[in-house]
Amino acid sequence: MIVKDKRISTLSFISCSNDAVHHDDPRVFGEAVQQVARGYDYVLIDSPAGIENGFWNAALAADEAIVVTTPHRTSLQDADRVIGLLENRIPTSPQLIINMADEQEARSATVKMEDIIGILNIGVIGVIHADVETIRSVHKGIPIALNPEFESGLRFRHIAHNVAKNQQEPFISLRSKKHRSIFSIPQRRRWEENSSV
């Protein structure tokens, strides 16, 4: 069933259960995607974590792929494996989004931005920081991209722009005072802020 977004008339969502008929048949899933695609400019498939049926269904139905990783070493290892698996299954090179990027994160558990790009060796279309306002928007059910006052909202818009224009332009940060990393807030206060939403 297609659910249209109340705020953006051209945005729709389809949820899929694990017991759907295509779960074990990527061909059926691909046909469903092709049918839906006739009415839209873009169809984004959110692949579940792990290299299982959901991943293969998405990979075989897609023309392009966006790999999302965090700076953590285990996430980068998973991303590197996924990129290798996608290379022979989609016609174009995968592109990268780095999520939860923040300079104040613990150095021992993470990898620097330039090293991530060197390790994965694919084009970057966006970088998302761990941000209090993003968490609030998730809790409220309102996409932060609809609020251009926050840098995190602008970053999501920038990723959409790069996808639509098929480019890898870097985001120019305005360092807005309204961008607050969750890593810069004490743990107790962070929980209180998140739970009050």
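Right above here is the structure, for reference.
Figured I'd write up the structure that's included with this text. (Residues numbered from 1 in each chain as written. Predicted model: local features only at pLDDT ≥ 70, side-chain atom pairs only at ≥ 80, totals over all residues. Heavy atoms only, no water.)

### Digging into the environment of Ala61
Here's step 1: Inspection of the secondary structure assignment puts Ala61 in helix α2 (residues 53-61).
Here's step 2: Separated by 27 residues in the primary sequence, Ala61 and Gln34 have C-alpha atoms spaced 8.1 Å apart.
Here's step 3: In this structure Ala61 touches Phe29, Gly30, Val33 and Ile45, once residues within four positions along its chain are discounted. (Helix = DSSP H or I, 4+ residues; strand = E, 2+ residues; numbered from the N terminus. Contact = heavy atoms within 4.5 Å.)

### What about the environment of Arg81?
Here's step 1: Relative to the elements of secondary structure, Arg81 occurs in helix α3 (residues 73-86).
Here's step 2: Spatially, the C-alpha atom of Arg81 lies 9.3 Å from that of Ile51, the residues being 30 residues apart in sequence.

### Structural notes on α2
Because each turn of an α-helix spans 3.6 residues, side chains separated by three or four positions end up pointing in the same direction.
Here's step 1: Within α2, the full set of buried residues consists of Phe55, Asn57, Ala58, Ala59 and Ala61.
Here's step 2: Buried-residue contacts for α2 involve α1 (26-37) and α3. (Buried < 20%, exposed > 50% of the residue type's maximum accessible area, 1.4 Å probe, protein only.)

### Details of the nonpolar core
Here's step 1: With 19 residues, the main nonpolar core has Val67, Leu86, Leu96, Ile98, Ile116 and Leu120 as its most contacted residues.
Here's step 2: The set of elements that each furnish at least two residues to this core consists of α2, α3, β4 (95-101), α4 (113-120) and β5 (124-129).
Here's step 3: Aside from chain neighbours lying at most four places away, what touches Ile116 is Pro71, Leu76, Leu96, Ile98, Val111 and Asn121. (Core = buried A, V, L, I, M, F, W, Y, C linked by side-chain atoms within 4.5 Å.)

### Examining the packing of aromatic side chains
Here's step 1: Enumeration according to the criterion identifies one aromatic pair in this entry.
Here's step 2: With centroids separated by 5.0 Å and ring planes inclined at 70°, the aromatic side chains of Phe55 and Trp56 adopt a geometry described as edge-to-face. (Phe/Tyr/Trp six-rings, centres within 6.5 Å; stacked < 30°, edge-to-face > 60°.)

### A closer look at the pattern of salt bridges
Note on pairing: side chains with opposite charge can pair once their charged atoms come close.
Here's step 1: Taken as a whole and judged by the stated rule, the model has four salt bridges.
Here's step 2: Of the charged contacts, one joins Arg27 and Glu31 as a salt bridge, the two residues approaching to 3.6 Å between their closest N and O atoms. Separated by four residues within a single helix, Arg27 and Glu31 lie in helix α1, roughly one turn from each other.
Here's step 3: The exposure class assigned to Arg27 is exposed, which follows from its relative accessible area of 54%.
Here's step 4: On the basis of relative accessibility, which here comes to 45%, the residue Glu31 falls in the partly exposed class.
Here's step 5: With a shortest N-O distance of 3.0 Å, Arg155 and Glu151 are connected by a salt bridge. Here the residue Arg155 and the residue Glu151 both occupy positions in helix α6 (residues 151-165), the gap between them amounting to four residues, near one helical turn.
Here's step 6: With a relative accessible area of 8%, Arg155 lands in the buried category. (Salt bridge = Lys/Arg side-chain N within 4 Å of Asp/Glu carboxyl O.)

### Observations regarding the packing of α1 against α2
Here's step 1: It is at 9 Å that the axes of α1 and α2 come closest, and there the two elements cross at 50°. The angle between the axes of α1 and α2 places the two elements in the oblique class. α1 and α2 meet at a crossing whose hand is right-handed. Within the contact between the two elements, α1 uses Pro26, Phe29, Gly30 and Val33 and α2 uses Asn57, Ala58, Leu60 and Ala61.
Here's step 2: When the residues that make up the contact of α1 with α2 are grouped by side-chain class, the tally is six nonpolar, two polar and no charged. (Axes fitted to C-alpha atoms, helices over the stretch in contact; angles between N-to-C directions. Parallel < 35°, antiparallel > 145°, perpendicular 65-115°, else oblique. Left-handed = near helix turned anticlockwise from the far one by under 90°. Nonpolar A, V, L, I, M, F, W, Y, C, P; charged D, E, K, R; others polar.)

### Digging into the sheet that holds β5
Here's step 1: With respect to topology, three strands assemble into an open sheet ordered β3-β4-β5, the strand pairing being parallel. For this open sheet the edge positions go to β3 (66-69) and β5, each flanked by a neighbour on one side alone. Each strand of the sheet is rotated relative to its neighbour by a mean of 15°, with strand direction disregarded.
Here's step 2: Bridging between β3 and β4 involves four bridges; their strand directions are parallel. When the sheet's bridge partners are listed, Val68 is paired in β4 with Ile97.
Here's step 3: In the packing of α4 onto the sheet, the strands contacted are β3, β4 and β5, and the crossing angle to β4 comes to about 150°.
Here's step 4: Contacts from α6 reach β3, β4 and β5 within the one sheet, and its direction differs from that of β5 by about 165°. (Pairing = 2+ DSSP bridges.)

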